[in-house]
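# Architecture and fold: a report
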Amino acid sequence: MSKEDNSYIVFAEDSTAMMQESLIQQSNPLTKERAIEFAERIKDRDNLFCVTIMKRVSQEELNQNKDE
């Protein structure tokens, strides 16, 4: 598995947290499939109002997306 395959992070916000502090931040990069599985497992917890899957991108990918 290449490093690019493990580039997804799951982040969730708790509606009761002050200043929108994260309740859950899964900081070890995962594959897209594992990140989706993790998000599905936590999405029904009480007080969560946002579960986000983020992808790490390189500066080159970011610049490429800006140009499109």
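Notes on the structure follow. (Residues numbered from 1 in each chain as written. Predicted model: local features only at pLDDT ≥ 70, side-chain atom pairs only at ≥ 80, totals over all residues. Heavy atoms only, no water.)

Here we come to the nonpolar core. Among the nonpolar cores identified, the biggest contains 9 residues, and these are Tyr8, Val10, Ala12, Leu30, Ala35, Phe38, Ala39, Ile42 and Leu48. Going through the elements one at a time, β1 (8-14) and α1 (32-42) are the ones with two or more residues in this core. Top element by residues in this core is α1. It accounts for 4 residues. (Core = buried A, V, L, I, M, F, W, Y, C linked by side-chain atoms within 4.5 Å. Buried < 20%, exposed > 50% of the residue type's maximum accessible area, 1.4 Å probe, protein only. Helix = DSSP H or I, 4+ residues; strand = E, 2+ residues; numbered from the N terminus.)

Listing the buried residues of α1 in full gives Ala35, Phe38, Ala39 and Ile42. Down the axis, α1 shows its buried residues gathered within 100° of arc, on one side only. Pointing more than 90 degrees away from the buried face of α1 are the exposed residues Glu33 and Arg41. (Arc of directions from axis to C-beta.)

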